[in-house]
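Inside the fold
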Amino acid sequence: KEGLYNLFLCCLVKVYDHISAENNDTHFLITVQDNGNGFPDTVLETVKQPLIPESLETHGLGLLIVRQIIAAHQGQVSFENLEKGGSLVRVELPFA
């Protein structure tokens, strides 16, 4: 819950275009798309790295917390920039 709360809180701070949720037999998928400036390249590189305390210096506490909480629930999260501008975040969580 806390990871999803942080993700949606970030959406409220930024201007978002679209939030969707869907599921299949084994997973729940949430996507959030915004029309902002996107993620800096350094942030996109950092969020691909293993979760280590040093990553706090480059992409802040919010994304680190989201990654840790989603990982703790055997889920996955991805961050990307869109060609037309803005960013896309995907969260995939297994059903309990």
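Residues numbered from 1 in each chain as written. Predicted model: local features only at pLDDT ≥ 70, side-chain atom pairs only at ≥ 80, totals over all residues. Heavy atoms only, no water.

Thoughts on the packing of aromatic side chains
Let me state the cut-off plainly: Between rings of Phe, Tyr and Trp, where Trp is taken as its six-membered ring, a pair exists when centres lie within 6.5 Å; planes separated by under 30 degrees are stacked, by over 60 edge-to-face, and by other angles tilted. Strands are runs of DSSP state E lasting at least 2 residues, helices are runs of H or I lasting at least 4, and numbering of each runs from the N terminus. Here's how the labels work: a residue is buried when its accessible area is under 20% of the maximum for its type, exposed when over 50%, partly exposed in between, all with a 1.4 Å probe on protein chains only.
All chains considered together, the criterion is met by one aromatic pair. Taking 5.7 Å as the distance between ring centres and 85° as the angle between the ring planes, the aromatic pair formed by Phe39 and Phe79 counts as edge-to-face. Separated by 40 residues along the polypeptide, Phe39 in the loop between strand 2 (27-34) and helix 2 (41-46) and Phe79 in strand 3 (residues 76-81) bring together distant segments of the chain. With respect to class, Phe39 is no different from Phe79; both count as buried.

Focus: the pattern of salt bridges
Should their charged atoms come close, side chains of opposite charge can pair. The condition is simple: Note on definitions: salt bridges are taken to be side-chain nitrogens of Lys or Arg within 4 Å of carboxyl oxygens of Asp or Glu.
Under the defined criterion, the tally for this structure stands at one salt bridge. Glu80 serves as the salt-bridge partner of Arg90, at 2.7 Å between the closest nitrogen and oxygen. Of this pair, Arg90 sits in strand 4 (residues 87-94) while Glu80 sits in strand 3, and the two are ten residues apart along the sequence. Owing to a relative accessible area of 34%, Arg90 belongs among the partly exposed residues under this scheme. Overall, the relative accessible area of 30% leaves Glu80 in the partly exposed class.

As for the environment of Glu80
So the rule is basically this: Every residue pair with non-hydrogen atoms within 4.5 Å of one another is taken to be in contact. Any pair of nitrogen or oxygen atoms within 3.5 Å is treated as a polar contact; in protein, a donor-acceptor pairing is required on top of that, and neighbouring residues in sequence qualify only through side-chain atoms on both sides.
Glu80 sits 41 residues away from Phe39 along the chain, and the two C-alpha atoms are 7.3 Å apart. For Glu80, the contacting residues outside a window of four places in its chain are Phe39, Leu44, Gly86, Ser87, Leu88 and Arg90. At 2.7 Å, the side chain of Glu80 forms a polar contact with the side chain of Arg90.

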